Amino acid sequence: MHPDDDPYADDGSGRLFWADAAADRVLDGDPEEPIVIKGGISPSGVPHLGNMNEIMRGYFVAAVLRERGHEVRQVFTSDDRDPLRGLPRKLADLDGEVVALGDVNAGALGQNLGAPYTEIPDPFGCCNSYGAHFSNLIQSSADRLGVDVEMVSNTETYANGGFEEVTRYLLEHVTAARDVLGEYQDKVDEEYVPFNPICEACGKVTETVTDVDADAGTVEYVCTDMDAGDQTIEGCGHEGTATLREGKLPWRFEWPAQWRTLGVDYEPFGKDHAEGSWPSGTDISRNVLGDEPPTPMVYEWFTLDGEPFSSSAGHVILVQDVLALLELPVVRYFFSKDPRRARDFSIEHLDQLVDEFDRMERVYFGEAADASEDERERAARVYPLLVDDIDADRVRIPFTFAAVLGMTEDSALREEIARREGHIPADADADTVADALTRVERAREWARRTNNEFNYRLARAEIPAHDFDDATAAALDELAAFLDDEDPDGEALQGEIYEAAKRHDIDIGAFFAAGYRLFFDEDQGPKLGPFLAKLDREFVVTRLRREG
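Parameters at a glance
Residues numbered from 1 in each chain as written. Predicted model: local features only at pLDDT ≥ 70, side-chain atom pairs only at ≥ 80, totals over all residues. Heavy atoms only, no water. Helix = DSSP H or I, 4+ residues; strand = E, 2+ residues; numbered from the N terminus. Buried < 20%, exposed > 50% of the residue type's maximum accessible area, 1.4 Å probe, protein only. Contact = heavy atoms within 4.5 Å. Areas by Shrake-Rupley, 256 points an atom, 1.4 Å probe, with all protein chains shown as cover. Lys, Arg positive; Asp, Glu negative; His and termini not counted. Charge placed at Lys NZ, Arg CZ, Asp CG, Glu CD. Salt bridge = Lys/Arg side-chain N within 4 Å of Asp/Glu carboxyl O. Axes fitted to C-alpha atoms, helices over the stretch in contact; angles between N-to-C directions. Parallel < 35°, antiparallel > 145°, perpendicular 65-115°, else oblique. Left-handed = near helix turned anticlockwise from the far one by under 90°. Nonpolar A, V, L, I, M, F, W, Y, C, P; charged D, E, K, R; others polar. Pairing = 2+ DSSP bridges. 1 Å grid on protein atoms, 1.4 Å probe; cavity = no way out; pocket = protein on both sides within 12 Å on 5 of 7 lines; lining within 4 Å. Points joined across faces, edges and corners; volume = space filled by probe spheres on them. Patch = residues over 30% accessible without salt bridge, like charges linked within 9 Å, V, L, I, M, F, W, Y side chains within 5 Å. Phe/Tyr/Trp six-rings, centres within 6.5 Å; stacked < 30°, edge-to-face > 60°. Lys NZ or Arg CZ within 6 Å of the ring centre and 35° of its normal. Right-handed = clockwise from strand over helix to strand, strands pointing away.

*Asks:* Is there a simple way to think about the overall build of the chain in this case?
*Replies:* Summing up its helical and strand segments, the chain has 22 helices and 16 strands in all. Along the first, second and third principal axes, the C-alpha atoms of the chain reach 95 × 55 × 35 Å. Within the chain, the proportion of its 548 residues that are buried is 53%. Here the contacts in the chain between residues at least 6 apart in sequence split such that 70% fall between residues at least 24 apart. Summed over all atoms, the accessible surface of the chain reaches about 24,000 Å², with 42% contributed by carbon and sulfur. For the chain, the distance from the average site of its 53 positive side-chain charges to the average site of its 113 negative ones is 4 Å.

Have a look at this one:
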């Protein structure tokens, strides 16, 4: 392997942030401007958070290069002239709602196996094609993440002649192309041609080229069967002629062709490509096309709740769903971590991710006295890349506490409790408070989605229906009297609930259930004492006395 082609390379610079080291490697190649950073995807199933890997890795390198005064163009290719080889089990509409194949016009897909994505009707009927629908979802996701990325359609590039020159060159040097690809694929023989025409009769992509006229820019073909995993897509047998704009390059040639056509300088990609098409791509680029490949960076995939993302199975989370749970800077923080390490995006433990971000933010503003020097240096380098505006007066309510606030829909009460617990400063202005409280609805959605210990609603508007025996009623009255006379903290109140139950010979569990019934209209709930201690005392006393 050429030393510059190692996607796992560590330049040994000792850079604190991986994107700085990546930018160094890009600039070592003395690129022309604008510097082009690329990612890409073939339309399939549901575009999810995992598909944002290349966009977000590119985003940070682009940001670093722009910091250094360089002009950068970030592009993302949709390999939408690829043929549809199988039916996904799940799709997503433009609002991000994931649906089963049976909920849409599945015939639009099932009747077009083997056809390019951009020639297949949109199953939702809202875009020009299935390929365009998928690209719109990717663009929308990038926009939501605040990434200025330009979507590039392979279909449009073929149609406008963008790939014509490099395709003609490959057909003129077909022997060299075969020799190089033969090092990576056993099926390459003396009949192999690196071009797949689209049949003019049935619209399917075919792999059987019978004659090439590179000067004229045409190929003769027969529409034959295509292997697609465990099934065969039947060709129609038509014999015809196609121009170089009426087909596509096989992937191992198309990728280097994209590098040349777009002038790509840097491309992050998953480890599947690092161990597969990247070695052949660099070989083709350098030894067939005579080009220098872009600077690579391989990233490890991350999992979702411990399992691989799967568009077909619906084990995904979309960007808009993530942003209903987390602020944008927190999402960027997740992607700022070292891409060479495998990680899990755990919805159940999102509070830990938020706590990590909050910690970095406090370190950046000098609000964490116990921060190490490494922490301070990393926060100083990375934090400004996570936020759109640096605001020293921002207020962050701890995520799990925000989930507690989410148990009530009363916005004034949320603010009152947050102030009482010291999470909103006395001098915070109205805009700062409103911004801080936006985390509550995200934490509430997290509690709802995971059905965790915070997934309860305070029944504040009216007292729930209840039926207590005399002993329970007396114990509740006694607890109300205690609160009338004392101002206990959460643990002290929790202890008094236990003692009240014991004094009246009531089962502890049953007494807590009575409290949950009064305050949540449920038989269970959060730790009762600490929660009630955060509420206004008059309301709690009145409710314990069953007076409203």
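That shown, we press on.
*Asks:* Help me understand the environment of Leu109, please; the structure alone is not making it clear to me.
*Replies:* Here Leu109 lies in helix α3 (residues 107-110). For Leu109, a relative accessible area of 0% corresponds to the buried category. Sequence separation between Leu109 and Val174 is 65 residues, and the spatial gap between their C-alpha atoms is 34 Å. Excluding residues that lie within four positions of it along the chain, Leu109 makes contacts with Leu84, Leu87, Pro88, Leu91, Leu101, Ile120, Pro123 and Tyr130.

*Asks:* Can you help me understand helix α22 (residues 537-544) in this one?
*Replies:* Residues three or four positions apart in an α-helix share a direction because the helix packs 3.6 residues into each turn. Of the positions making up α22, those classed as buried are Phe539, Val540, Val541, Arg543 and Leu544. Residues of α22 that are buried in the fold lie against α18 (470-485), α20 (508-520) and α21 (528-534). Arg546 lies just past α22 and shows a positive phi near 60°.

*Asks:* Would you take a moment to explain the pattern of salt bridges for this structure?
*Replies:* Summed over all chains, the structure comprises 42 salt bridges. Of the charged contacts, one joins Arg68 and Asp24 as a salt bridge, the two residues approaching to 2.8 Å between their closest N and O atoms. Here the residue Arg68 occupies a position in the loop between α2 (53-67) and β2 (72-78), and Asp24 occupies one in helix α1 (residues 18-28), the gap between them amounting to 44 residues. Owing to a relative accessible area of 32%, Arg68 belongs among the partly exposed residues under this scheme. Judged by its relative accessible area of 15%, Asp24 is buried.

*Asks:* How should I be thinking about the packing of α18 against α22 in this particular structure?
*Replies:* Between two packed helices, the angle of one axis relative to the other and the distance separating the axes together describe the packing. Running from amino to carboxyl end, α18 crosses α22 at an angle of 160°, the nearest separation of the two axes being 8 Å. In terms of axis orientation, α18 runs roughly antiparallel to α22. Handedness of the α18/α22 crossing: left-handed. From α18, Leu476, Asp477, Leu479, Ala480, Leu483 and Asp484 reach across to α22, where they touch Arg537, Val540, Val541 and Leu544. In the contact of α18 with α22, the residues fall into seven nonpolar, no polar and three charged.

*Asks:* Is there a simple way to explain the sheet that holds strand β11 (residues 239-243) in this structure?
*Replies:* The strands making up a sheet associate through backbone hydrogen bonding, with each pair oriented either parallel or antiparallel. Judged by pairing direction, the sheet is antiparallel, and its three strands sit side by side in the order β7-β8-β11 without closing on themselves. Bordering the open sheet on either side are β7 (208-213) and β11, each of which pairs with just one other strand. For this sheet, the mean angle separating the axes of adjacent strands, direction not counted, is 25°. Two elements, β7 and strand β8 (residues 218-222), share five bridges in a ladder whose sense is antiparallel. The residue of β8 that forms the bridge with Asp211 is Glu220.

*Asks:* What is the right way to look at the layout of surface pockets in this model?
*Replies:* Gaps left between atoms are located by rolling a probe of water-molecule size over the structure's atoms. Quantified by volume, the largest pocket comes out at close to 990 Å³. Around the largest pocket sit 42 residues that line it, and Ile41, Ser42, Asn51, Asp272 and His273 are the ones nearest its centre. Breaking the lining of the largest pocket down by element, the ones donating at least two residues are β1 (35-41), α2, α4 (130-144), α8 (251-262), β13 (266-270), α9 (271-274) and β15 (302-304). Across the lining of the largest pocket, the residue classes tally to 18 nonpolar, 16 polar and eight charged. Quantified by volume, the second largest pocket comes out at close to 680 Å³. If you go around the second largest pocket, you meet 26 residues; those closest to its centre are Lys187, Tyr192, Asn196, Glu207 and Pro250.

*Asks:* Is there a simple way to explain a negative patch on the surface in this structure?
*Replies:* A grouping of Asp389, Asp391, Asp393, Asp427, Asp429, Asp431 and Asp435 is seen on the molecular surface, where their side chains present a negatively charged patch. For Asp427, the location among the structural elements is in the loop between α16 (411-420) and α17 (430-450).

*Asks:* Would you take a moment to explain the packing of aromatic side chains for this structure?
*Replies:* Two measures describe an aromatic ring pair: the distance that separates the ring centres and the angle between the ring planes. Tallied over the entire structure, the rule returns 30 aromatic pairs. Here Tyr59 and Phe60 contribute two aromatic rings whose centre-to-centre distance is 5.2 Å and whose plane-to-plane angle is 70°, an arrangement assigned as edge-to-face. As far as the burial class goes, Tyr59 and Phe60 line up, both buried. Taking 5.6 Å as the distance between ring centres and 55° as the angle between the ring planes, the aromatic pair formed by Tyr117 and Tyr130 counts as tilted. Here Tyr130 lies in helix α4 and Tyr117 lies in the loop between α3 and α4, a separation of 13 residues in the sequence. For Tyr130, a relative accessible area of 2% corresponds to the buried category. Site record: aromatic cluster; members linked through ring pairs are Tyr456, Tyr498, Phe512, Tyr516, Phe520 and Phe531. Here Arg260 stacks its cationic end above the ring of Tyr169, 5.6 Å away from the centre of that ring. When the ring centre of Phe539 is taken as origin, the NZ or CZ atom of Arg460, which lies over that ring, is 4.3 Å away.

*Asks:* Would you mind showing me how to read the pairing of β1 here?
*Replies:* Looking along a regular strand, one sees side chains alternate from face to face of the sheet. Taking burial as the measure, the seven residues of β1 include seven buried ones, the bulk of the element. Viewed along the sheet, the connection from β1 through α2 into β2 turns out right-handed.

Keep in mind these numbers describe shape, not what the thing actually does.
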